[in-house]
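Each chain is listed here by its residues.
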Amino acid sequence: MASLSVLSVFFICLRLCLAEDPFVSYEFVVSYITVSPLGVPQQVIAINDHFPGPTINATTNNNVAVNVRNKLDEDLLITWAGIQQRRSSWQDGVLGTNCPIPPKWNWTYQFQVKDQIGSYFYFPSLNFQRASGGFGGFIINNRAIIPIPFAAPDGDITILIGDWYTRNHTALRRALNGGKDLGMPDGVLINGKGPYRYNDTLVPDGIDYETIEVHPGKTYRFRVHNVGISTSLNFRIQNHNLLMAETEGSYTVQQNYTNLDIHVGQSYSFLVTMDQNASSDYYIVASARFVNESLWQRVTGVAILHYSNSKGKASGPLPDPPNDQYDKTFSMNQARSIRWNVSASGARPNPQGSFRYGSINVTDVYVLKNKPPVTINGKRRTTLNGISFVNPTTPIRLADQFKVKGVYKLDFPNKPITGPPKMETSIINGTYKGFMEVILQNNDTKVQSYHMDGYAFFVVGMDYGEWSENSRGTYNKWDGTARVTTQVFPGAWTAILISLDNVGVWNLRTENLDSWYLGQETYVRVVNPELNNKTEFPIPDNALFCGALAKMQKPQDVSSALPTKGSNRSNLFSGLIMMMCAVVFIFH
């Protein structure tokens, strides 16, 4: 530093201290701990010794840095469900783009939450690990200059719901590898805790349950995420209306619901006003949907909404779930009722203008059909269009970067194949700046959720039966919600539209963890034919190498664990730089 001129120091200070977009930084230590959410001690995946992990809190256009230390006994990747990572699939945290973080290693993710707002979550993407935890919320707030389309709430509450097994992910993985179903879950957790003892027969004594503390007359924003394995859940709060305000980055037309079906991988935020008389506490319930209620009674999550002036504990029966045993359209009509608030200010899906999706010409059409599991080469597998995806040992994006041949095939069929199902590393060739129509056809017997990394897509239609060209006449071409995860009901279809402007290799998958693990996924490769660093960031300096490129990987360097501009000590670093600046100007 002594050899630099004062002017040089000035420009360094100006660049570091007045950076365009600030950093938010987190340190994640991922390890096993033992907890008993359902009364049985079991091994779970914790972050910083907490289960679930911390909520990441960022603002539109922030740069986010998360240094992940892997203290598990197996490889690890963290994926950021719904965070679009503009121009940076290098940070996506799935096997098609990233080599895993080996045990005892650390790796720093760094990406920008460009032009996004809303409610999301993160989780480990490998080895069925999400079934043991490792998940947490991810909030992206509006910038201060952009108004939110409702009065500022008095508090912000993250709720993670999901089905749960007392067997850990390695045992569940062995069952799947052995060709078995997972069977009925052992319960539903709310924020990593078991049910309140609303029923002495169904719920054993001594289980720790979640309590949400609130004040009468206040309005809170509840961000609810289904982080479970494969069960759709109905969410409700006794005697309280859920005013839907946002889902996965899109402000919605505000409508009241007494309950809402939240499918695996989906996120919603509701405004809930504490307008009851607090004669007692109230139940918060997440119960399984589309199952035999008499068999699944134990599989119900129950937390407590506690008013500060409450006069007693919650008691009596839980609020009723939807009574639609003989009406399979109830949940679908509920989903169709969700509309985008097209007049709200705030970040919109890129490119700007794509919110007029109904008038954009479609360039590619893919009909993706899933079926019940099949046997391929003696193994139980799931498929899309008859293809069961096989993860390559060399990630696809890495193979492209270093021109490694034979890693994948760019031949994923745009409709189901007619021959026998097969296992392939087959991916979709997306057209850069194209507009893709994807029809998700579910010929299985349970609800499937689908997610695409790197993008928000427009959900334009869903119905029962087989999709046909005539189905386009039912599409919502004006205010269909832009979101990142959509449900497809059994024996039904859902149509989505995607503006392919985000360069990279992006995972398109079912969020049902068992189906995903067995091969129900592919990737969409989006390449800008003009090579430049404007549409995709270059490979990061800390990239990990594996497979055919394993020889390029250097041993873990302890310096890579030191704070960078994106570490959780970046505020201290910035402060030191500003002090240096002040010293230079004072003594010059």
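Above: the structure in question.
Only a predicted model underlies this, so the values are computations on that prediction, with no experimental measurement involved.

## Description of the overall build of the protein
When its secondary structure is counted, the protein shows 6 helices and 33 strands. Per-residue burial for the protein yields a buried fraction of 57% across its 588 residues. Counting only carbon and sulfur atoms, one obtains 52% of the accessible surface of the protein, whose full area is about 24500 Å².

## Considering the sheet that holds strand β14 (residues 242-247)
Ordered in space as β10-β9-β12-β17-β14-β15, the 6 strands form an open sheet in which the pairing is mixed. The sheet is open, and its two borders are formed by β10 (187-190) and β15 (250-257), each paired with just one other strand. Within this sheet the neighbouring strands show an average axis-to-axis angle of 25 degrees, counted without direction. Bridge count between strand β12 (residues 219-226) and strand β17 (residues 267-273): 7 bridges; the pairing is antiparallel. In the strand pairing of β17, Thr219 is matched with Thr273.

## So, helix α2 (residues 169-177)
For α2, the set of buried residues is His169, Ala171, Leu172, Arg173, Ala175 and Leu176. Along its buried surface, α2 packs onto β1 (23-35), β2 (42-47) and α5 (513-517). Positive backbone phi, approximately 80 degrees, marks Gly179, located one or two places after α2.

## Describing the environment of Val302
Take Val302: it is sitting in strand β19 (residues 300-307). According to the relative accessible area criterion, Val302 is buried, its value standing at 1%.

## A few points about unusual backbone geometry
In this chain, Phe51 is followed by Pro52 through a cis amide linkage whose omega measures -5 degrees. Within the secondary structure layout, Pro52 lies in the loop between β2 and β3 (56-59). Its identity as a non-glycine residue notwithstanding, Lys104 has a phi of 75 degrees, on the positive side. Within the fold, Lys104 resides in the loop between β5 (78-81) and β6 (106-112). Here Lys104 falls in the exposed class, since its relative accessible area comes to 78%. The backbone of Lys433 sits at a positive phi, close to 65 degrees, despite the residue not being glycine. Within the secondary structure layout, Lys433 lies in the loop between β25 (428-431) and β26 (434-442).

## Concerning the state of the cysteines
Put plainly, a disulfide is one covalent bond tying together the sulfur atoms of two cysteines. In total, this model carries 1 disulfide according to the counting rule given. Here Cys99 is linked by a disulfide to Cys546, with a sulfur-sulfur distance of 2.1 Å. Between Cys99 and Cys546, the S-S dihedral sits near -85 degrees, and the bridge is therefore left-handed. One end of the pair, Cys99, is in the loop between β5 and β6; the other, Cys546, is in the loop between β33 (521-527) and α6 (570-587), with 447 residues separating them in the sequence.

## A look at the sheet that holds strand β31 (residues 492-500)
On the basis of which strands lie adjacent, the open sheet formed by 5 strands has the order β20-β26-β31-β28-β29 and mixed pairing. A single partner strand is all that each edge strand has here, and the edge strands are β20 (364-370) and β29 (482-483).

## A short note on the pattern of salt bridges
Per the stated rule, a full pass over the model turns up 24 salt bridges. When the shortest N-O distance is used, the salt bridge between Arg197 and Asp200 registers 3.7 Å. Relative accessible area serves as the criterion here: at 56%, Asp200 is assigned to the exposed category. We note a salt bridge from Arg221 to Glu246, for which the minimum N-O separation is 3.1 Å. Taken together, the positions of Arg221 in strand β12 and Glu246 in strand β14 put the pair 25 residues apart, joining distant regions of the chain. There is no split in this pair, since Arg221 and Glu246 are both buried. Connected via shared salt-bridge partners are Arg130, Asp453, Arg509 and Glu511.

About the criteria used
- Residues numbered from 1 in each chain as written.
- Predicted model: local features only at pLDDT ≥ 70, side-chain atom pairs only at ≥ 80, totals over all residues.
- Heavy atoms only, no water.
- Helix = DSSP H or I, 4+ residues; strand = E, 2+ residues; numbered from the N terminus.
- Buried < 20%, exposed > 50% of the residue type's maximum accessible area, 1.4 Å probe, protein only.
- Areas by Shrake-Rupley, 256 points an atom, 1.4 Å probe, with all protein chains shown as cover.
- Pairing = 2+ DSSP bridges.
- Axes fitted to C-alpha atoms, helices over the stretch in contact; angles between N-to-C directions.
- Contact = heavy atoms within 4.5 Å.
- Disulfide = S-S within 2.5 Å.
- Salt bridge = Lys/Arg side-chain N within 4 Å of Asp/Glu carboxyl O.

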